[in-house]
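Residue-level listing of the chains:
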Amino acid sequence: MLYLVPTPIGNLADVTYRAIDTLNFVDLIACEDTRSSGVFLSHYGISTSTISYHNHNERSRAPQLIDRMKAGQQIALISDAGSPGLSDPGFYLVRLCWEESIPVQALPGPTALIPALTASGIPSERFVFEGFLPTRKGRNQRLEAIKLETRTVVLYESPHRLIRTLIDLINLLGEQRVSVIAREITKKFEEISRGDLQTLLDKYHGESAIKGEFVIIIAPPKFTR
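What you see is a predicted model, and the numbers here were worked out from it, not measured in a lab.

S.K.: Explanation requested: the side chain of Arg 139 in the structure shown.
M.R.: With respect to the helices and strands, Arg 139 occurs in helix α6 (residues 139–148). Relative accessible area serves as the criterion here: at 2%, Arg 139 is assigned to the buried category. Once residues within four sequence positions are removed from consideration, Arg 139 is found in contact with Leu 133, Pro 134, Arg 164, Thr 165 and Asp 168.

S.K.: Explain the packing of helix α7 (residues 162–173) against helix α8 (residues 197–205) to me, please; I cannot follow it from the model alone.
M.R.: A pair of packed helices can be characterised by two numbers: the angle between their axes and the separation between those axes. Contact geometry of α7 with α8 gives a least axis separation of 10 Å together with a crossing angle of 160°. In terms of orientation, α7 and α8 fall into the roughly antiparallel class. In this structure, the crossing between α7 and α8 has a hand that is left-handed. The segment α7 lies against α8, with Leu 162, Ile 163, Leu 166, Ile 167, Leu 169, Ile 170 and Leu 173 engaging Leu 197, Gln 198, Leu 200, Leu 201, Tyr 204 and His 205. Looking at the contact of α7 with α8, its residues break down into 11 nonpolar, two polar and no charged.

S.K.: In this structure, what is going on with the nonpolar core? I would like to understand it.
M.R.: The tendency in soluble globular proteins is for nonpolar side chains to be buried as a group. Among the nonpolar cores identified, the biggest contains 22 residues, and Leu 155, Leu 162, Leu 169 and Ile 181 are the most heavily contacted of them. Breaking this core down by element, the ones donating at least two residues are α6, β7 (152–157), α7, α8 and β10 (214–218). At seven residues, α7 tops the list of elements feeding residues into this core. The residues touching Ile 181, leaving out its near neighbours within four places in the chain, are Leu 162, Leu 166, Glu 191, Ile 192, Ser 193, Leu 200, Tyr 204, Phe 214, Val 215 and Ile 216. Within the second largest apolar cluster, 18 residues are counted, among which are Leu 28, Ile 51, Leu 93 and Cys 97.

Parameters and conventions
- Each chain carries its own residue numbering, running from 1 in the direction its sequence is written.
- Only residues with pLDDT of 70 or above have their local features reported here, since the model is predicted, and side-chain atom pairs are shown and tallied only from 80 upward, although totals for entire chains, interfaces and linings are computed over all residues.
- Side-chain measures were taken over the full set of non-hydrogen atoms in the model, leaving aside hydrogen atoms and water.
- For helices the rule is a DSSP run of H or I covering at least 4 residues; for strands it is a run of E covering at least 2, with both sets numbered from the N terminus onward.
- Residue exposure (1.4 Å probe, protein chains only): buried if accessible area is under 20% of the type maximum, exposed if over 50%, otherwise partly exposed.
- Should any heavy atoms of two residues lie within 4.5 Å, those residues are considered in contact.
- Angles here are taken between N-to-C directions and fall from 0 to 180 degrees, while the axes themselves are lines fitted to C-alpha atoms, restricted in helices to the stretch in contact.
- We call two directions roughly parallel when the angle between them is under 35 degrees, roughly antiparallel when it is over 145, roughly perpendicular when it lies between 65 and 115, and oblique otherwise.
- Take the far helix as the reference: if the near one is turned anticlockwise from it by less than a right angle, the crossing is left-handed, and if turned clockwise, right-handed.
- Here the nonpolar group is Ala, Val, Leu, Ile, Met, Phe, Trp, Tyr, Cys and Pro; Asp, Glu, Lys and Arg are the charged ones; every other residue, Gly included, is treated as polar.
- Nonpolar cores were defined as sets of buried Ala, Val, Leu, Ile, Met, Phe, Trp, Tyr and Cys residues, with membership established by side-chain atoms within 4.5 Å.

The structure is reproduced here in structure tokens:
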């Protein structure tokens, strides 16, 4: 059995009792970064053995985990923060589990996507999650798809690419498209800013050093604030 266990994205209190129970009873926890996860596991007194599982070793590590589960072990997969498989490692291992008829159970839990969307004041009944835009190959195609989109669009972005992405979006959608940027969801310096794209660009252009993890929410074309 493979358990996909979400972990807090900032506030360590944002974890379910079920997640803690699962991490305690499994035989092994596969972690995106054993050092980062060690802080969380230690906080809750979880002493289950860990093994690394990340983007750079998943092709070699996943078959090893499959062999362990076929031998009867129960394994939990966690990422550094949030839900495994959602802009984090996990998809490849889950696909192998299905191919090998190994049961997969995904626990509900923290993600930056939903809190940012529900707090945005932008329509959420229909939306598309684009994750992180490519930095080079395929970026223009993804941007063109966003231009044609009639639903709310949700993106993730890192601090050092935020300005570039906002400029690209303005060139694509116009400076007056209503949008929201949520920074550091659940963390000490959580901030949600709402306005048109140009206003948001001006705000972050004014920061000497942009820090944090970002969710960008773009309203549908005909939405007005």
